[in-house]
Amino acid sequence: MRINQIVNVDLVKQMNSAVVYKLIDQQAPISRIRISELSQLAPASVTKITRALLARGLIKEVDQQESTGGRRATSIVAEQKAFRTLLIHLGREEIVFAMMDLSAKLLTYQHFNLPDVQNLPQLEDFLLAQLDKFMVDNANKSSELIAIGITVTGFVNGKNNLIENLPYFELAEPWDLVQRLEQRFNLPSYIGQDVRSLALAEHYFGVTKDCYDSLLLRIHRGVGAGIVINHEVFQGYRNNVGEIGHIQVDPLGKRCLCGNVGCLETVVSNDAIENKMQQMLEDGYQSKWLSLESHDIEAICKASNKHDAVATELIEHVGVQIGRVLAMSVNMFNPEKIVISGEITQAKNTLFAAIHKTLESHALPSFVKNTPLVVSELHHEDVIGAFALVKRALLDGSLLQHLLIE
Ligand SMILES: [Zn+2]
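- The protein is annotated in an unreviewed UniProt entry as N-acetylglucosamine repressor NagC of Lonepinella koalarum.
- Taken from UniProt, the Sequence similarities (unreviewed entry) comment for the protein reads in full: "Belongs to the ROK (NagC/XylR) family."

Shown next, in the form of structure tokens:
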């Protein structure tokens, strides 16, 4: 009973600190009085919390002229440059290390091809050895490293932070990478699936900032989606949702990595589009802009933008398939906005026209009518999701509490 009470007091303190920090982060510059009004915390509590945040260097005071008169009021802003985060992305074919400050400014970036490894210990050894080197190379930064964010192309259990599945080899048992990193670097670490984390980043820093509910479709080497509901990434009790890349669109199509046939991913991923174009060119389709030597996704998008018939036909076909799957998702979740992320958005005009047309004929008209389709505006798509995980930990109080009690 007593222990529960202590835990609850700590939890309340943590939540109050988080509320104050979040207001400062999102509404800065802001005065203590305004924080008190918006948070409904007593002025004395706000003073106490801001004192602790100031002492830790997480916020700073700035002098600000009040607009109504000559009186100067002290406002508060969040400190962003004094802290940095280590970001790791484990993709299908690559590993990325990066550092960002708390304004999401990229400080350093390193990219490796995934090594030719046979099992998990080999992968972990490679990863940790490279990471040790990266940390040494980037040790002389003037800012304080406060947390690690990790995103994985694969399944992550949100309850115990274990990686349960990777696309490139079978895990004999779940991989506790978070614990390994926390032990090695003594930093709180946060892990998530890459596309779901990207949807969170889009909500924090991108085009869905103004939405309660949104859907992000990421088309790159694979196809995945992240669903944000009421400002939070929808994870589900079973931890993984949004695998719309594995909805079947072609019953007679190609075999997918998942084992099924004709998944959306086998038709609209970058590789699928490039392979299809190769086949069309080999079959004698004529293009002024594309050749067997030059038909990567960028070239195909460029050709489509120049009204090349072959490229346009392929992008339209891709748009229709995406539209059919999005229509199902719209009918299920009725998002306020749909965001498309990936190289294919370089052919936005043709692609979006095809998606719109298909959505209009396949989804509930009243749902589609007010649902804008937009291109992601995020940069550094491979690591910004990992940064969003750290940001979430700051805003929900868990990382903040860790920093305050150090
Ligand atoms: Zn599949």
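**A look at the coordination of the zinc ion**
Phase 1 of the analysis: Taken together, the protein ligands of the zinc ion are His246 (ND1), Cys256 (SG), Cys258 (SG) and Cys263 (SG), with distances of 2.0 to 2.3 Å.
Phase 2 of the analysis: Coordination at the zinc ion comes from four donor atoms whose angles at the metal span 104 to 122°, giving a geometry best classed as tetrahedral.
Phase 3 of the analysis: All donors of the zinc ion come from a single chain, and their spacing in sequence reads H-x9-C-x1-C-x4-C.
Phase 4 of the analysis: Cys258 gets classed as partly exposed once you look at its relative accessible area, which sits at 39%.

**Looking at the sheet that holds strand E4 (residues 83-90)**
Phase 1 of the analysis: One open sheet holds the five strands; their spatial order is E6-E5-E4-E7-E10, and the pairing between them is mixed. What marks the edges here is a single partner per strand, and that holds for strand E6 (106-113) and strand E10 (189-193). If you compare each strand with its neighbour and ignore which way they point, the axes differ by 15° on average.
Phase 2 of the analysis: With five bridges connecting them, strand E7 (residues 144-152) and E10 associate as parallel partners. Paired with Ile150 across the two strands is Ile191, which belongs to E10.
Phase 3 of the analysis: Along the sheet, helix H5 (residues 177-185) contacts E4, E7 and E10; its crossing angle with E7, the most-contacted strand, is approximately 160°.

**Remarks on the pairing of E4**
Phase 1 of the analysis: Burial analysis of E4 places eight of its eight residues in the buried class, the great majority of the element.
Phase 2 of the analysis: Burial along E4 is two-sided: the residues Phe83, Thr85, Leu87 and His89 and Arg84, Leu86, Ile88 and Leu90 are all buried.
Phase 3 of the analysis: Pairing of E4 with E7, which is carried by eight bridges, proceeds in the parallel orientation. Residue Phe83 lies in a different strand from E7, and its bridge partner there is Glu144.
Phase 4 of the analysis: Judged from the seven bridges that link them, E4 and strand E5 (residues 94-101) form a sheet pairing that is antiparallel. Across the sheet, residue Ile88 finds its bridge partner in E5, namely Phe97.

**Side note on the pairing of E6**
Phase 1 of the analysis: Both E5 and E6 contribute to a ladder of seven bridges, which runs antiparallel. Bridge pairing links Met99 to Thr108 in E6.

**Regarding the nonpolar core**
Phase 1 of the analysis: In this structure, Tyr21, Ile24, Ile35, Leu53, Ile384 and Leu399 are the most contacted members of the largest nonpolar core, which totals 49 residues.
Phase 2 of the analysis: When residues of this core are assigned to their parent elements, the largest contribution, nine residues, is made by helix H13 (residues 384-395).
Phase 3 of the analysis: Each residue touching Ile24, except ones within four places of it in the same chain, is listed here: Ile30, Ile35, Thr50, Leu53, Ile59, Ile76, Val77 and Ala78.
Phase 4 of the analysis: In terms of nonpolar packing, the next biggest core, distinct from the first, is built from 42 residues, Ile219, Val223, Ala303 and Ala363 among them.

**What about the side chain of Ser376?**
Phase 1 of the analysis: With respect to the element layout, Ser376 can be found in the loop between strand E15 (373-375) and H13.
Phase 2 of the analysis: One polar contact links Ser376 to Glu202, side chain to side chain, over a distance of 2.7 Å.
Phase 3 of the analysis: Contact partners of Ser376, with chain neighbours within four places excluded, come to Glu202, Val339, Ile340 and Ser341.

**Considerations on the packing of aromatic side chains**
Phase 1 of the analysis: Overall, the coordinates contain six aromatic pairs when judged by the stated rule.
Phase 2 of the analysis: Between Phe97 and Phe112 the ring centres are 5.3 Å apart and the planes differ by 70°, which places this aromatic pair in the edge-to-face class. On the criterion of sequence distance, the pair formed by Phe97 in strand E5 and Phe112 in strand E6 is long-range, its members being 15 residues apart.
Phase 3 of the analysis: Looking at Phe97, the relative accessible area reads 1%, which means it is buried.
Phase 4 of the analysis: The exposure class assigned to Phe112 is buried, which follows from its relative accessible area of 13%.

Scoring rules and cut-offs
Residues numbered from 1 in each chain as written. Predicted model: local features only at pLDDT ≥ 70, side-chain atom pairs only at ≥ 80, totals over all residues. Heavy atoms only, no water. UniProt positions renumbered as here; feature names shortened; annotations may be inferred. Donors = N, O, S within 2.8 Å, 3.2 Å for Na, K, Ca; no water. Tetrahedral: all angles 85-135°; square planar, octahedral: opposite > 155°, others 65-115°. Buried < 20%, exposed > 50% of the residue type's maximum accessible area, 1.4 Å probe, protein only. Pairing = 2+ DSSP bridges. Helix = DSSP H or I, 4+ residues; strand = E, 2+ residues; numbered from the N terminus. Axes fitted to C-alpha atoms, helices over the stretch in contact; angles between N-to-C directions. Contact = heavy atoms within 4.5 Å. Core = buried A, V, L, I, M, F, W, Y, C linked by side-chain atoms within 4.5 Å. Polar contact = N/O pair within 3.5 Å; in protein donor to acceptor, adjacent residues only side chain to side chain. Phe/Tyr/Trp six-rings, centres within 6.5 Å; stacked < 30°, edge-to-face > 60°.

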